[in-house]
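Structural features, examined
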Amino acid sequence: MAVSFTDFLVFLGIFLFTLHGKVSSQAVQAENVTVMEGGQAEINCKLQSYDGSIVVIQNPHRQTLFFNGTRALKDERFQMVQFTPRLVKIALSNVRVEDEGGYFCQLYTDATLHQVATLTVLVPPAEPEVEVKEQVVEAGVMELTCIAPRSKPPATLRWYRDRREIPGVTSQQDNDKTVSVSNTIRLAVSRRDDRALVTCEATHPALRGQRKITQHALNVHYAPTVKIQHPPGVMREGDSLSLDCIISANPLPSTVLWSRLNDSLPERTETQGTLLTIPRLSALDNGTYVCEGHNQYGRAADEYTLVVYDIPPVIESKDPGASVEAQRYVPYSIIGGVLAMLVFGVICVLIVTIWCSVRQKGSYLTHEASGLDEHGEVQEAFLNGSETREGKKEYLL
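Source: prediction; values computed, not measured.

1. Considering the state of the cysteines
For the structure shown, the criterion picks out three disulfides. Disulfide pairing places Cys-45 opposite Cys-105 at an S-S distance of 1.5 Å. One disulfide, between Cys-45 and Cys-105, carries an S-S torsion of -45 degrees and so falls in the left-handed class. With Cys-45 in strand β3 (residues 41-47) and Cys-105 in strand β9 (residues 101-108), the pair connects residues that are 60 residues apart, well separated along the chain. The exposure classification of Cys-45 matches that of Cys-105, with both residues buried. Here Cys-146 connects covalently by a disulfide to Cys-200, the sulfurs 1.7 Å from one another. Residues Cys-146 and Cys-200 share a disulfide whose torsion about the S-S bond is about -80 degrees; that sign makes it left-handed. With a gap of 54 residues between them, Cys-146 in strand β13 (residues 141-151) and Cys-200 in strand β18 (residues 197-203) connect regions that are remote in the sequence. Comparing Cys-146 with Cys-200 shows no difference in burial state: the two are buried. If one numbers only the bonded cysteines of the chain, in the order they occur, the disulfide pattern is 1-2, 3-4, 5-6.

The following block contains the structure:
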């Protein structure tokens, strides 16, 4: 394609102007700056071969901030820090996201020379917010969302439980120059998960290795379970009984109901919260005591059977330990009585045995005497036993 001489001159002029701008721009140098929101930024313009020409600094909206060291824009956050033939330095305090952009350092000589210092504003996230989609009952699925509503660049969100990461779904939404980030997880929960802690962590370049953390306690609703806590051992007359109704539920029952099966509670009964107390027990207090609790998810109860035992009589004595000693010797008196009965029985057996033996011997002598009478020797058998039977010394009385 043929190029006309006019087009060639235009092209040459543009090239020389661009080359002149590149060479001349070396007379002004600017440095890019990165600062956190709310911090302070310093913008430096370095000058080469400054000859006293006009120096102008403009903001990203091309509004003049300073004209040769003189304030031109009524924004007290901008301050002139240094103005010398080598360096022009301004400071911007309480930096906002809206302040981000290119700041022009312009030197007006025979040609306008400028460079741009880019200001980047970082917005670290605040502590994350945790939102629950809806209330969950045991055996359901809980949906939790962690939100960092404002950050720049976008924050990174992660969920943890017991130091183990829980995978989630991340989404972003632009808010002008900042970004809202969210991370959503879904958990299958039971009553054991109630009050368990999960943690949402946010990381960001502006935090310099630190983390913003929010802990959330899971809130799982479930029906109640009831257990009566009672004192160990047996209860005796005069003792005091204290029962505690331990209820596990979410939400907790507003009231705890105490009752006695097939009977009313004793008049001395005192109830306070989950506690039931009966002072000075007697046999009339025997029975089955029931504690019951309920919420909108169900009802549960537990029972305790009370048996009050009699107290054995105690011998009164001035000696404080006499009652204890009397109780100790009660078993020994019982044993003594049993032994006396055994001895009496043995004596009776001996008497009967002796009596029976005597009767048998008397019957034997009578028989012998009858035999002698038949031979005409009865009298001699009784009076002269030694002549008829030598050695015979037994007599019938």
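2. Quick word on the sheet that holds strand β23 (residues 257-260)
If you walk across this open sheet you meet the three strands as β23-β26-β27, and the pairing is antiparallel. If you trace the sheet from one side to the other, it starts and ends with β23 and β27 (298-306), each paired once. Taking each pair of neighbouring strands and ignoring which way they run, the sheet shows an average axis angle of 20 degrees. Sheet topology places β23 next to strand β26 (residues 287-295); four bridges connect them, and they run antiparallel. In the strand pairing of β26, Ser-259 is matched with Val-290.

3. With respect to the environment of Glu-267
Mapping Glu-267 onto the fold places it in the loop between β23 and β24 (270-272). Note on Glu-267: relative accessible area 84%, which makes it exposed. Sequence separation of Glu-267 and Ile-278 is 11 residues, and the distance between their C-alpha atoms is 8.9 Å.

4. As for unusual backbone geometry
Put simply, Lys-152 and Pro-153 share a cis peptide bond, and its omega is -5 degrees. Structurally, Pro-153 can be placed in the loop between β13 and β14 (156-161). Following Asn-250, the chain continues into Pro-251 via a peptide bond in cis, with omega recorded as 0 degrees. Positioned with a positive phi, Ala-139 is a non-glycine residue whose angle comes to about 75 degrees. Assessed through its relative accessible area of 74%, Ala-139 is described here as exposed. Located in the positive-phi region is Arg-195, a residue other than glycine, with phi close to 70 degrees. Relative to the helices and strands, Arg-195 resides in the loop between β17 (178-188) and β18. Among the residues examined, Arg-195 registers a relative accessible area of 67% and is labelled exposed.

5. A look at the nonpolar core
Formed by 26 residues in total, the largest nonpolar core has its most connected members in Leu-65, Phe-78, Ile-90, Val-95, Tyr-103 and Leu-119. Listed by contribution, the elements that provide at least two residues to this core are β2 (33-36), β3, β4 (54-58), β5 (64-67), β8 (87-92), β9 and β10 (112-122). When residues no more than four places from it in sequence are discounted, the contact partners of Leu-119 are Val-33, Val-35, Ala-41, Leu-92, Val-95, Asp-99, Glu-100, Gly-101 and Tyr-103. Counting residues in hydrophobic clusters, the runner-up holds 20 residues, among them Val-136, Val-181, Val-189 and Val-220.

Cut-offs applied
Residues numbered from 1 in each chain as written. Predicted model: local features only at pLDDT ≥ 70, side-chain atom pairs only at ≥ 80, totals over all residues. Heavy atoms only, no water. Disulfide = S-S within 2.5 Å. Helix = DSSP H or I, 4+ residues; strand = E, 2+ residues; numbered from the N terminus. Buried < 20%, exposed > 50% of the residue type's maximum accessible area, 1.4 Å probe, protein only. Pairing = 2+ DSSP bridges. Axes fitted to C-alpha atoms, helices over the stretch in contact; angles between N-to-C directions. Core = buried A, V, L, I, M, F, W, Y, C linked by side-chain atoms within 4.5 Å. Contact = heavy atoms within 4.5 Å.

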